[in-house]
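# Commentary on secondary and tertiary structure
Spelled out, the chains give:
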Amino acid sequence: MYNTNNPSNWSWSKAFNEMEKTVNQAELTQQSINHVLNYPGEANGVFMSLDKSQQDDVYEILNQIL
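Heads up: these notes are all about the structure in this document. Just so it is clear, the model here is predicted, and its values are computed rather than measured.

The subject of this paragraph is the side chain of Thr-29. Turning to its location among the elements, Thr-29 is positioned in helix H1 (residues 12–36). Residue classification places Thr-29 among the buried positions, given a relative accessible area of 9%. Dropping the residues within four chain positions of it, Thr-29 is found in contact with Tyr-59, Leu-62 and Leu-66.

What follows is the structure in structure tokens.
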């Protein structure tokens, strides 16, 4: 059955637009974490010191914002 929302049926333009949107959201998420939690760019920053549930909370809030 043909489904227009199935990614295999998207036009190249729609597929690239969707990919650009996903990459942009990932970059904004990472930048937001860096700024909000004062991440120094090292593996021992504030975000890395949060436990898993706190990190999940940060991602949930960012997903609602972005």
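This paragraph deals with the environment of Leu-37. Counting through the fold element by element, Leu-37 comes out in the loop between H1 and helix H2 (46–49). Judged by its relative accessible area of 17%, Leu-37 is buried. Here Leu-37 is in contact with Ser-32, Val-46, Phe-47, Leu-50 and Val-58, once residues within four sequence places are set aside.

Rules used in this analysis
Residues numbered from 1 in each chain as written. Predicted model: local features only at pLDDT ≥ 70, side-chain atom pairs only at ≥ 80, totals over all residues. Heavy atoms only, no water. Helix = DSSP H or I, 4+ residues; strand = E, 2+ residues; numbered from the N terminus. Buried < 20%, exposed > 50% of the residue type's maximum accessible area, 1.4 Å probe, protein only. Contact = heavy atoms within 4.5 Å.

Geometric descriptors of this kind do not, in isolation, establish any biological role.
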